[in-house]
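What follows is the residue order along each chain.
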Amino acid sequence: MAELLAPAGSLDNVLTAIDAGADAVYFGGKSFNARRFAHNLDDDEIVQAVKTAHLFGVKVYVTVNILMADTELEALTAYLQSLDAAGVDGIIVQDLAVALLARRVVPNLPLHGSTQMTVADADGVRFLEENGFTQAVLSRELSLAEIQSVCASSPLAIEVFIHGASCMAYSGQCLMSSFLGGRSGNRGACAQPCRQPYTLVRDGKEVMKQEAYVLSLKDLKALDYIDDLLDAGVTSFKIEGRMKGDTYVRTVVTAYRKVIDAHYSSPKARKKAHAEAQALLTAAFNRSYQDDFLADTVSRRTLTEKNPSGRQTADDAAIGLTRKLPIYAYVDVDGEGRLTLTVWDEKAHTAVVTADFQPQPASKRPATIDYLKKQLGRLGETPFALTEVTAWDETKMIPASVLNELRRDAVAKLTETILDDYQRPAAGTAAPMLERADVPQKGKAMELVVRCDTVDAVRAAAEQGADIIIFGGESYHHRPFLNADWQQAVKAAHDHQTALWAGTPRIVDESHRAAVQQELERAVDSGIDGIYAGAMAVFTMAKRVGKGLPVRTDWSLNIFNSQAASAYAALGCQSVTASLEATLRQMRDMARKDPCPIEAVVEGRVEMMVTESCVISSFAGNGQKKGCPNICQGGAYALRDRRDEDFPVATDQYCRNHILNSRDLDMAPYYKDLVRAGLAAIRIEGRGRSPKWLAEQVSRYRRLCDGRKPWSWEKKTRPLPGATSFTEFYNTGATNR
């Protein structure tokens, strides 16, 4: 049976969602969740929320969906234990370190893979299943056909978003707030720069007549697809909105409850439910609606464009629980003549309590059914409502005080019986992550890694002394990597005794899964030396076609602490690349606490967003992504903000946009700090750059790695025109770390 999963930012939201008909609710605690600025629930409120939800047969999931710092892991352990003790039905996780820790300290607590894990295909789902997860939240960008395909082969329960605000970038892959505003979305503090206006420029000239909200998506409304998603086998229907109020929660949950319940009814009933739900959702808070990702019709109309603000026309709705659980009562005496009260609910949960009182014939006021119902029906703030009372005899005298005590005892016992009978979903199973004896140790010399996307760039990097070149994955030139490209790239690298590793996409969606695997096969057949995993799906693919080649993780897997590094090392990774949001101090802690070698990106243009929506086709083309005449090949595109900063927009072979930082990262002046941090490798990001630029950068970093300064500089100077060292970011990081 599919569940309707409602958001909650407060205890009142939880109760409202239960009242409106949610099958499950999800919320965050006061720490470790991706909605830091919601009210969220404290420990006592979590216990109360779980108890109330379980009485109504509603599941509770708690978000623990941020990247964790090493300094937080001790507190996280205690928090996970408190959630387990409270009886929550699962935790929603982004950081693999959280999953590893949970499996160790709360092994019976089910794990759900957050949308922040960027799982968008069946292979990514299989990776989660192999690592002990029981439910996977798919990326919002998938079409109905892709979701159907994933569900058809999924070993896990599949959860999809059906309503609410959507991030422009693939969740878990956005660094824009972190780099521009110092507030990390992956740490729960997103400042939403996507809701700001920008202007599209081509070759430095503005394409648009005026700025617009080109990175602001309309809200998702999947109402027209609920029946198809149910038929596809989707297990959980998720509503976004932990920052919203009770009116939003009640209105939206009520709307989707109607449609889901009507799924197996007559066509006439389904049509009526749909119309009623449509009216409710029109009145609920929204930024206008779209279902274009599900329909595979992403275009300019998918964006708010003119106004990212929302509106609500619905009247304020009731807050909290207004409905009660019906119970029934029977008054009798036991074999010793003592008064007994039996209560039960509609699921046959039963409680029997006995008073130290023997009823006697009444002389004036017998305990009639009406009298009994009045006394026993005083259930106050309990979740119960008395529906019917029967009695063995209506001629006896029973004091109100005796009935009141019986009522309190019976309600407490029935509550305990219901909660004891509640069955938490089973946790997943996975092979223990044991410490590996064969984790490669960090070498004495710093390794110089270069990523590029043309054969000429490979040749330039190899000639200047790169140790490893990463080729393939997502290109910045909108063209795929062909057999000839792989063969020439391998030869160009090997001719200079340089290893060539296959890069892989940070996004692997179901529609391109076969293409990604085929490219990996071409790379393996061409003689590559290893594989960089940009997405979780790649681990599954590498088992199938990697022929035992070594694997390293890319930065897009968001490795932010030593436990995450350990988890990937236990999966067989030769080394890991630290998150671009990790500070030098954090990378030093990772290197000291885990033997797995750490790599860091130190030079080039950092990706801040990867988007399925194409801003170029929307505002420089015909407005439609499908059928676009490759307008992205007609010049160099960028987004210009109100400070006149230009953020380059590259389009890969899968027609996704990669929005890059306006300035280069350049850590060359801080090379000694990188060495002291214990890094094993440093990387130059060179996709989309000329062979000349790449040769210059490889040469200067090669000299540093060899102990020779390329020229003299002071730390506070910028060694390259137009570059910035991001010193403050690497030393202090984003706020709320």
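Residues numbered from 1 in each chain as written. Predicted model: local features only at pLDDT ≥ 70, side-chain atom pairs only at ≥ 80, totals over all residues. Heavy atoms only, no water.

Participant: Tell me what's going on with the pairing of strand β31 (residues 657–660), and back it up with residues and numbers.
Facilitator: A two-sided burial pattern is seen for β31, the buried positions comprising Asn-657 and Ile-659 on one face and His-658 and Leu-660 on the other. One ladder, built from four bridges, connects strand β28 (residues 607–611) with β31; its direction is antiparallel. Of the residues in β31, the one forming a bridge with Met-609 is Ile-659. Inspection of the sheet shows strand β30 (residues 646–651) paired to β31 by three bridges, in the antiparallel sense. Within the sheet, the bridge partner assigned to Ala-650 lies in β31 and is His-658. Connecting the antiparallel pair β30 and β31 is a turn made up of five residues, with Cys-655 showing a positive phi of about 65 degrees. (Buried < 20%, exposed > 50% of the residue type's maximum accessible area, 1.4 Å probe, protein only. Helix = DSSP H or I, 4+ residues; strand = E, 2+ residues; numbered from the N terminus. Pairing = 2+ DSSP bridges.)

Participant: I'd like to hear about the sheet that holds β30, residue by residue, with values.
Facilitator: Read across the open sheet, the six strands follow the order β9-β8-β29-β30-β31-β28; overall the sheet is antiparallel. Looking along the sheet, the strands with just one partner apiece sit at the ends: β9 (205–206) and β28. Inspection of the sheet shows strand β8 (residues 199–202) paired to β9 by two bridges, in the antiparallel sense. Paired with Val-201 across the strands is Glu-206, a residue of β9.

Participant: With reference to specific residues and values, describe the environment of Val-207.
Facilitator: Within the secondary structure layout, Val-207 lies in the loop between β9 and β10 (213–217). For the pair Val-207 and Tyr-637, spaced 430 residues apart in sequence, the C-alpha separation works out to 9.4 Å. With sequence-adjacent residues up to four places away left out, Val-207 is seen in contact with Leu-200, Val-201, Arg-202, Phe-619, Ala-620 and Tyr-637. (Contact = heavy atoms within 4.5 Å.)

Participant: I'd love a proper account of the sheet that holds strand β15 (residues 325–333), names of residues and values included.
Facilitator: Pairing in this open sheet of four strands is mixed, and the strands run β17-β16-β15-β19 from one edge to the other. The two strands at the open ends of the sheet, each matched to only one other strand, are β17 (350–354) and β19 (384–391). Between one strand and the next, the sheet's axes are offset by a mean angle of 20 degrees, whatever the strand orientation. As paired elements, strand β16 (residues 339–345) and β17 share five bridges and run antiparallel to each other. Within β17, the residue paired with Leu-341 across the bridge is Val-353. Along the sheet face, helix α12 (residues 369–376) touches β15, β16 and β19 and points at about 150 degrees away from the line of β19. (Axes fitted to C-alpha atoms, helices over the stretch in contact; angles between N-to-C directions.)

Participant: Could you give an account of the confidence of the model for the protein chain, with specific residues and numbers?
Facilitator: In this model, the protein chain carries a mean pLDDT of 93, and residues with pLDDT of at least 70 account for 94%. Contacts of residues 712–728 to residues separated by more than four positions or lying in other chains number 40 contacts, the stretch itself having pLDDT below 50. (pLDDT = per-residue confidence, 0-100.)

Participant: Got a sec to walk through unusual backbone geometry? Specific residues and values, please.
Facilitator: What you tend to see is this: most non-glycine residues have negative phi, and most peptide bonds are trans. If you check the backbone angles, Phe-32 has positive phi at about 65 degrees while not being a glycine. Position of Phe-32 among the secondary structure elements: in the loop between β2 (24–28) and α2 (43–55). Notably, Gln-497 is not glycine yet its phi reads approximately 55 degrees, a positive angle. As for its placement among the helices and strands, Gln-497 is situated in the loop between α15 (483–494) and β23 (499–503).

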